[in-house]
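Now for the letters of each chain:
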Amino acid sequence: MRLQSLLNLVPAYLLYCSLAVAQSIILDDETDAFINNVLAEWNSPGGAAVAFVMKNDQNQWINVETKGYGQANPDGRKITEHTTFNIGSNSKLFTVLATSVLINNATLSPRLDWHTKIKSVIPEFNLTDPIATEESTLLDLMTHRTGYPLHDFSYRYSDVATDVIRKLQHHRQSAEFRDIWQYNNNMYVILSHLPELLVGQPFGRYVKETIFEPLGMTSTTYSYQLANSNGQRADGMSREGIDVYADPFAGTPRATQYWTSQTGGEDGSVVAGAGGVITSAADMAIWLQTLLLDGVKPGTNQSVIPPGALKRAVTGLSVQSGQPEWPENSLIAYGAAQLQITYRGHLIVEHGGFIRGFNTQISRLPNDNFGVSVLTNDHEYGKVIGEIIKNHIIDKALGLNPIDWNSRYKAAKSIPPVRATPRPENAKPPSANFTAIAGVYNNDGYGQFELCLVTPEFHNIAANSSCAEVTSNLTTILPGAVRPGIPTLVAAVDSPWFSHIRVEHFNADLFNISLLISTPTNDTEKPFWTFNDKSASDNAIIAELNVEGTHIGFGFAGFWAGLWDGAEAGVPKPPGYTVRERAEAGRDMDSHAQLPIGIRGLTAKMGSRLMASLDLDTTTQSSSTASIVAHVPRKRLLSMGEDSMGPTLRKRPRISLNLSAEFQMQLRGGSPSVNASHLDRLPRTRPLHSDDFDFLSASHHARPMSSSSSFTTASRACSPGDIGDQPGSSAFISRSGMALMRSVSSASLSSTATAGPSYPESSAKYNLRNTKFTLDFSLPPAEDHLPVSSSLLGCSSQNVLFFSRGNRVHYKSTGTSEEIGQLCKLQDSHGDLRIIECGGADQPDIVALGTSKGLIQIWDVQAKTKTTSWSTKSVTAMRWNGPILTVGGGKGTIRHYDTRIAPTSKMKEQVRKVTRHQSRITSLEWNVDGKILASGDQSGTVYCWDSREKVPLDVGEFIQRRKKMQHPAAISALAFCPWQSKLLASGDIEGTIHLWNVSASSPHSNAATPGKLELGAPITSLHFSPQCKELLSTHGSKPTPATDTTTTAIATTTTTRQRSNTNNSINSQAWPKVTMENSIAVHSYPSLRHVTTYTLSGKPIVSSVLNAGGTKIVLAVPDEGKISVCDVWSKRKELKRQPSFFNSTIR
């Protein structure tokens, strides 16, 4: 009885302890000493201002604390809670929430919502990607999902929002729309334009009146003048002369130049919406309270932020980082200017901000009811110092044993970067002499500047040149910027990011680029210092000279990351063999002839190799042919990207390419068509590119194409240079999904027919064979109402094979001589085993089992233990997507179980369900990046689902005025392509295979031409090769014997496919209905040419899996009681190429 009484006191004691911790002061003497010690150890020239707030569950504020540490400027003025800092990208949340106020504005007509398309509000919004142009929404701009990287250096001090919008159409895209997260400040400039456009109020004043003033944030502003007027503004501080190899923490303390315009009044500058807020720790305490109260002003019931806006902003739509930075952290889910991360098991909602001289972190733990803000004015290490302080305060507020973050970060930053490669002593000269390289350069997306030759010294400067001023006082305003013995050019630029661009010759046509800032000091002996000169280690930006005749240009690489640490993560670099292809940004010396963007008929994006407009011209051709006219510029521009074209079409030399009537129809938007009899006779192809044309000077005339040139169509591929069936073939794809290719051979198609198709070495044509490796295998009893399962075979990412013997699950490592092991035996009460599903590469030791009675079990293979189990109504299909187990049921419901949630009862409560199917789910498949789920059912319907949505994507063929993915019979197999993530193959029990482009933004239903195969025998599994462009299908037996003599198994290497002559539509093609009963069939992509067929034993193949490397296929043949293994594809041999200069460290 006494023990029970004591136990009853435990909850009250725990509550008392937690309140005691919560009510204690966080910014106490211990914290003060800790922060001051961190600033001293990092030799910080600046300091930090900290805000901490905590509330209880009744929304009563227990802690509201603010303090300052360190110095605000070079004169030693101390930082207080009222000192103001520029908070960089933490400004973006104000932009998002100001937009939410517009969304909440009922007087606007039409009303805005989060999914309003930008083009409908700003008609001038044009990108190089027409899909992103038409489909980008407010939320896409907020969440950095447009497919465009930073392009920060395109800003000029004099720009306004409309200038930024105009420049967007010349910026190169680095990823597909909505494919990956890529930071982009330009899009926040566009968002900041909305208040002026919709309510006639400049952005800065709009945010002030709707957010700052209602909350009482009196020291918060976008105005440099206002912040500077009361003596509270901190300077951004840096270290002059820092040597990261001798002492990374040393250097002379210097103030940096304020990063953006110092004029503009309370509206700030053009980049206000992206990073213009100036504020204090005192105001950040109010802001943290407001965020924790979901937009309600603290101490009142007034909602300043519209209800639901913060929830929308916080909701993660993209994975920002591929792996956690520290073991205590999780992956980062990014929403709209807010990210979610866990720290030691606690959810943090936060965002960072970096701008020259300032680093800030504003974080809140909504489940723990507190928030912390750290504002620093240390350029080099402010981000790290802020993280150390933030984590220390969080540990203290949570009552956790503190982690020594200071030592961790100090150790990491003490490792010096790799030294840049010194310039060769015998450096080769560039293709043009240095005096010729000097001059005015222009890019429509980035603007104009004049490169002035500084060394070797050049005296013949034109009267109208800016170079006289640049060179006259260069050693004064940029001390140490010109290094002896290195040919150097310098340009003055009115950019917020840099005042001068330095171009130093490295070797041959390669140059190093430095973005320098001439920064005033208060020192009369040294009136300026050079900021951001990292000659010893910085190889971030490189230029390659491009000389064509008398025309000169530069291709720049490294611009996409800007000056933002980590912004380049995950951003693909432009591939290519030419300067034009590799350039993220380009500068051209003579920009008078601009390239057209408004084109009649067709704009074909043939890669950056051919910067010409293609114009459909049928007025001078007969009915059987058409001409593509290439308007070639008299002087080629080194442009920002493949679609960087100017606004008008001018008269230029023209190249006429004769096309067939079939191709005419495709250009006019008709149904895609291909002469089927040509499919097996196409010669090897290469892309049509600039080397095919003579246009280096105005006097040269275009060379006409041979009349024997041939063309074919292909789908958009996952990467340039990896399209088509032939080894070595490539194509550059138009936005309409069409590839334009020219034959290498000058002979006609008919003359090449005898050569036959060729295949890559990795093809199944040369590798498909039986390895003679077998295992005993048997299925559990089939119940009357369910067909025999085809999912009792699995292979892990570690090449461990899992298979059934009745209701027992066994495993065998295919890479070792270990004996077969038994994982488990299902009890009779559980029902019969129906599905074995192996975890992915992120959980290779996990296997899920499903039974006929709806039981799901998850097993840890290493421990040979069942980790969890639960029951659902029925289990007919399963697929893993990371830790999410997707389960299809007998009535068409799909459930997503997050197996990280414990206990199991809570996981079942939080399961996410989607419903659209009207019959039993027969197959599930996630695409390679885990963003799209395909599901097929017994009625032959296929749906594709965005992982974040509850309704299927609007994809497929138009059937009765709506898009639909429909088969004539039950779906038996689905497969996503590993090298083209939105290409789906679906197969049914009658032997039909469909290929689909499941991009919701694509107008095309089929991703291949042709997009359908009739194979005459049930499809039991489908696999795209990861080694080459081939599709494999396995087949069972038809329910009744075939009576048609044409349904014999194919054993030949090629098949002639006759095409109906009734019209040009692919739907009218009369493909012979052949059968592949009990066989393995392989077809090439995109032509769907038959490659090979292999019959293993004459018995039905009920399922198959590929090994982890994609070179072997494991086949289940229950009528033989065997599992067999065949070689199918060999490893692709990579081309041996010289390392690109982008992969080298140059200095």
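Analysis parameters
- Residues numbered from 1 in each chain as written.
- Predicted model: local features only at pLDDT ≥ 70, side-chain atom pairs only at ≥ 80, totals over all residues.
- Heavy atoms only, no water.
- Helix = DSSP H or I, 4+ residues; strand = E, 2+ residues; numbered from the N terminus.
- Contact = heavy atoms within 4.5 Å.
- Areas by Shrake-Rupley, 256 points an atom, 1.4 Å probe, with all protein chains shown as cover.
- Phe/Tyr/Trp six-rings, centres within 6.5 Å; stacked < 30°, edge-to-face > 60°.
- Buried < 20%, exposed > 50% of the residue type's maximum accessible area, 1.4 Å probe, protein only.
- Core = buried A, V, L, I, M, F, W, Y, C linked by side-chain atoms within 4.5 Å.
- Axes fitted to C-alpha atoms, helices over the stretch in contact; angles between N-to-C directions.
- Parallel < 35°, antiparallel > 145°, perpendicular 65-115°, else oblique.
- Nonpolar A, V, L, I, M, F, W, Y, C, P; charged D, E, K, R; others polar.
- Pairing = 2+ DSSP bridges.
- UniProt positions renumbered as here; feature names shortened; annotations may be inferred.
- Salt bridge = Lys/Arg side-chain N within 4 Å of Asp/Glu carboxyl O.
- pLDDT = per-residue confidence, 0-100.
- Expected span 1.5 Å × (residues − 1).
- Bend = angle between axes of the 7 residues up to and from the residue.
- Polar contact = N/O pair within 3.5 Å; in protein donor to acceptor, adjacent residues only side chain to side chain.
- Left-handed = near helix turned anticlockwise from the far one by under 90°.

Regarding its fold elements, the protein chain presents 23 helices and 55 strands. Across the protein chain, contacts joining residues at least 24 apart in sequence account for 63% of those joining residues at least 6 apart. Of the accessible surface of the protein chain, which amounts to about 46900 Å², a share of 50% is contributed by carbon and sulfur atoms.

Time to look at the packing of aromatic side chains. Evaluated as defined, the whole model comprises 30 aromatic pairs. With a centroid separation of 5.7 Å and 50° between ring planes, the pair formed by Trp-979 and Tyr-1085 is classed as tilted. Separated by 106 residues along the polypeptide, Trp-979 in the loop between β45 (971–976) and β46 (983–988) and Tyr-1085 in the loop between β51 (1079–1084) and β52 (1090–1095) bring together distant segments of the chain. Taking relative accessible area as the criterion, Trp-979 reaches 11% and is therefore assigned buried.

Looking at soluble globular proteins, one finds that nonpolar side chains tend to be buried together. With 149 residues, the main nonpolar core has Phe-94, Ile-211, Trp-287, Ile-501 and Phe-554 as its most contacted residues. In this structure, Ile-211 is in contact with Phe-94, Leu-97, Ala-98, Trp-287, Val-304 and Ile-305, ignoring residues within four places of it in sequence. With 18 residues, the next largest nonpolar core counts Trp-979, Leu-1022, Phe-1024 and Met-1076 among its residues.

This paragraph deals with the packing of helix α3 (residues 92–103) against helix α10 (residues 203–215). Following both chains from N to C, one finds α3 and α10 inclined at 80°, their axes separated by 10 Å at the closest point. It follows from the interaxial angle that α3 and α10 lie roughly perpendicular. Between α3 and α10, the contacting residues are Phe-94, Thr-95, Leu-97, Ala-98, Val-101 and Leu-102 on the first element and Phe-203, Tyr-206, Val-207, Thr-210, Ile-211 and Phe-212 on the second. The class makeup of the residues in the contact of α3 with α10 is 10 nonpolar, two polar and no charged.

In this structure, Pro-110 follows Ser-109 across a cis peptide bond, with omega equal to 0°. Along the polypeptide, Pro-110 turns up in the loop between α3 and α4 (118–121). At the junction of Thr-455 and Pro-456, the peptide bond is cis and its omega measures out at 0° in the coordinates. Residue placement: Pro-456 occurs in the loop between β14 (447–455) and α18 (467–472). Positive phi outside glycine occurs at Asn-59, with the angle close to 60°. Among the structural elements, Asn-59 can be located in the loop between β1 (47–55) and β2 (61–70). The exposure class of Asn-59 is partly exposed, given its relative accessible area of 42%. Of note, Ala-508 is a non-glycine position whose phi angle comes to about 55°, a positive value. Relative to the helices and strands, Ala-508 resides in the loop between β16 (500–507) and β17 (510–520). Residue classification places Ala-508 among the partly exposed positions, given a relative accessible area of 26%.

Bringing the sheet that holds strand β7 (residues 318–319) into the picture now. The sheet built from eight strands is open, its strands ordered β2-β1-β12-β11-β10-β9-β8-β7 with antiparallel pairing. Across the chains shown, the open sheet's two edge strands, defined by having one partner strand only, are β2 and β7. Relative to β2, β1 runs antiparallel, the two being bridged by nine bridges. Bridge assignment links Gly-47 to a residue of β2, and that residue is Gly-70. Along the sheet, helix α15 (residues 382–398) makes contact with β1, β9 (339–343), β10 (346–355), β11 (358–365) and β12 (370–376), crossing β12 at roughly 155°.

As for its placement among the helices and strands, Arg-205 is situated in helix α10. Arg-205 sits in the partly exposed class, given a relative accessible area of 32%. In sequence terms Arg-205 and Pro-195 are 10 residues apart; their C-alpha atoms lie 9.5 Å from each other. The contact partners of Arg-205, leaving out residues within four places of it in the chain, are Glu-266 and Asp-267.

Further remarks concern the UniProt feature "repeat: WD" (unreviewed entry) in the protein chain. With numbering matched to this structure, UniProt assigns "repeat: WD" (unreviewed entry) to residues 914–946 and 964–1006. From the first C-alpha to the last, residues 914–946 spans 11 Å; its make-up is 0% helix and 61% strand.

What follows concerns the pattern of salt bridges. Under the defined criterion, the tally for this structure stands at 33 salt bridges. Among the ionic pairs, Arg-948 bridges to Asp-946, the shortest N-O distance being 2.7 Å. The class for Arg-948 is partly exposed, based on a relative accessible area of 33%. Among the residues examined, Asp-946 registers a relative accessible area of 14% and is labelled buried. Connected through shared salt-bridge partners, Arg-483, Arg-502, Glu-504 and Asp-533 make up one network.

This brings us to the confidence of the model for the protein chain. When pLDDT is averaged across the protein chain, the result is 77; 73% of the residues are at 70 or more. Low confidence marks residues 1–22, where pLDDT is under 50. Its contacts with residues over four positions away, or in another chain, come to five contacts. For residues 1003–1010, every residue scores under 50 in pLDDT, and the model assigns this stretch 33 contacts once sequence neighbours within four places are set aside.

What follows is about the sheet that holds strand β50 (residues 1030–1035). What the four strands build is an open sheet, ordered β49-β50-β51-β52; its pairing is antiparallel. Strands at the two margins of the open sheet, each flanked by one partner only, are β49 (1019–1024) and β52. In this sheet, neighbouring strand axes are inclined to one another by 15° on average, regardless of whether the strands run parallel or antiparallel. One ladder, built from five bridges, connects β49 with β50; its direction is antiparallel. The residue bridging Leu-1022 from the neighbouring strand is Ser-1033, located in β50.

Quick look at α10 now. Helix length check: α10 (13 residues) gives 17 Å between terminal C-alpha atoms against 18 Å at 1.5 Å per residue, within 8%. Maximal helix bending in α10 amounts to about 40°, located at Glu-209. Among the residues making up α10, those that are buried are Phe-203, Gly-204, Tyr-206, Val-207, Thr-210, Ile-211, Phe-212, Pro-214 and Leu-215. Against the buried residues of α10 lie α3, α8 (186–192), α9 (194–199), α12 (272–275) and α13 (281–292). Directly after α10, the chain includes Gly-216, whose backbone phi takes a positive value near 75°.

So, on to the pairing of strand β38 (residues 893–898). For a regular strand, side-chain orientation follows a simple rule: the groups alternate between the two sheet faces. Of all six residues making up β38, six are buried, and the element is well covered by its neighbours. Of the two faces of β38, the one holding Thr-893, Arg-895 and Tyr-897 and the one holding Ile-894, His-896 and Asp-898 are both buried throughout. Pairing geometry for strand β37 (residues 884–888) and β38, over five bridges, is antiparallel. From the neighbouring strand, Thr-886 faces β38, where its bridge partner is His-896. Count of turn residues in the β37/β38 antiparallel hairpin: four residues, of which Gly-892 carries a positive phi of about 95°. Taken together, the four bridges between β38 and strand β39 (residues 912–915) define a ladder with antiparallel strand orientation.

On to the environment of Thr-471, then. Its location among the elements puts Thr-471 in helix α18. Sequence-wise, Thr-471 and Leu-489 are 18 residues apart; in three dimensions their C-alpha atoms are separated by 9.9 Å. Sequence-distant contacts of Thr-471, that is, excluding residues within four places in its chain, are made with Cys-452, Leu-453, Val-454 and Ile-461. In this structure the side chain of Thr-471 is engaged in a polar contact, spanning 2.8 Å, whose partner is the backbone oxygen of Cys-467.

Here the focus is the packing of α3 against α13. One way to put it is that α3 packs onto α13 with a least axis distance of 14 Å and a crossing angle of 50°. Between α3 and α13, the angle is such that the two are oblique. In the crossing of α3 with α13, the sense of the turn from one axis to the other is left-handed. Where α3 abuts α13, its residues Leu-93, Phe-94 and Leu-97 lie against Met-284, Trp-287 and Leu-291.

A rise of 1.5 Å per residue sets the reference length of α3, with its 12 residues, at 16 Å; its end C-alpha atoms lie 16 Å apart and thus fit the reference within 8%. α3 sits mainly inside the fold: 12 of its 12 residues count as buried. Those residues of α3 not exposed but buried are Lys-92, Leu-93, Phe-94, Thr-95, Val-96, Leu-97, Ala-98, Thr-99, Ser-100, Val-101, Leu-102 and Ile-103.

Looking now at the side chain of Thr-941. Within the secondary structure layout, Thr-941 lies in strand β42 (residues 941–946). A polar atom in the side chain of Thr-941 sits 3.3 Å from the side chain of Ser-939. Leaving out residues up to four positions away in the same chain, Thr-941 has contacts with His-917, Ser-935, Gly-936, Met-965, Gln-966 and Ile-971.

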